[in-house]
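Residues per chain are reported as follows:
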Amino acid sequence: MSDTPFDAAAVRKKLMEVKAEMSRRVDRIHEHARDPLEADSAEQAAQLGNVAVVAALEAEAVEEIAEIDAALQRLEDGRYGICISCGEDIGAARLAARPASAECLDCAEEHSR
Ligand SMILES: [Zn+2]
């Protein structure tokens with residue numbers, strides 16, 4: 001495995017860091033969610049608006065954690081850096097920007113269309 005275009009140990013470290021950050025975000029959201037709603041209805045509406053935003057942030061963080069876990073698994077299996085859709089190399093630049101990428105840019109764009 002010496003011909004891999006990336007440093008597996010460095011990638012693992014980076015993925016773990018991002019995962020820890022996302023986990024902290026989810027923890028903070030859960031702490032925040034325990035705050036009781038204000039009695040005032042205008043305040044309540046504002047808080048409920050926040051709850052929706054916070055829920056979206058949490059969903060995003062949870063999804064990212066799942067992506068990172070999948071990337072760590074691919075790293076273990078020696079499939080990291082290979083697009084799960086087309087089997088092509090994802091590319092060092094894309095992996096550097098987004099280490100948990102499971103697809104090459106072409107496939108990712110295809111799916112977001
Ligand atoms: Zn692809």
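What counts as what
Residues numbered from 1 in each chain as written. Predicted model: local features only at pLDDT ≥ 70, side-chain atom pairs only at ≥ 80, totals over all residues. Helix = DSSP H or I, 4+ residues; strand = E, 2+ residues; numbered from the N terminus. Buried ≥ 20, exposed ≤ 12 C-beta atoms within 10 Å, placed from the backbone. Contact = placed C-beta atoms within 7 Å. Core = buried A, V, L, I, M, F, W, Y, C linked by C-beta atoms within 7 Å. Expected span 1.5 Å × (residues − 1). pLDDT = per-residue confidence, 0-100.

A. Looking closely at the overall build of the chain. Within the chain one finds four helices and zero strands. In sequence order, the secondary structure elements of the chain are arranged as α-α-α-α. Considering the chain as a whole, with its 113 residues, one finds that 12% of them fall into the buried category. Within the chain, contacts between residues at least 6 apart in sequence are counted, and of these 60% link residues at least 24 apart.

B. Focus on the nonpolar core. One finds V11, I68, A71, Y80 and A100 forming the largest nonpolar core, which totals five residues. Beyond its immediate stretch of four places on either side in the chain, A71 contacts L15, Y80, P99, A100 and A102.

C. Structural context of helix α2 (residues 41-77). For α2, spanning 37 residues, the distance from its first C-alpha to its last is 53 Å, which sits close to the expected 54 Å at 1.5 Å a residue. Along α2, the positions that sit buried rather than exposed are A61, I68 and A71. One or two positions beyond α2, positive phi appears at G78, with a value near 75 degrees.

D. Main features of the environment of E103. By the secondary structure assignment, E103 is in the loop between α3 (92-97) and α4 (105-112). On a C-alpha basis, the gap between E103 and I84 in space is 5.6 Å, while along the polypeptide they are 19 residues apart. What E103 contacts, discounting residues up to four positions off in sequence, is C83, I84, S85, I90 and A108.

E. Layout of the confidence of the model for the chain. The pLDDT averaged across the chain works out to 87; a share of 89% of its residues lies at or above 70. Mean pLDDT across the secondary structure elements of the chain bottoms out at α2, with 88, and peaks at α3, with 92.

F. Just the environment of L105, in detail. Its place among the elements puts L105 in helix α4. Considering only alpha carbons, one finds L105 and D89, 16 residues apart in sequence, at a separation of 10.0 Å.

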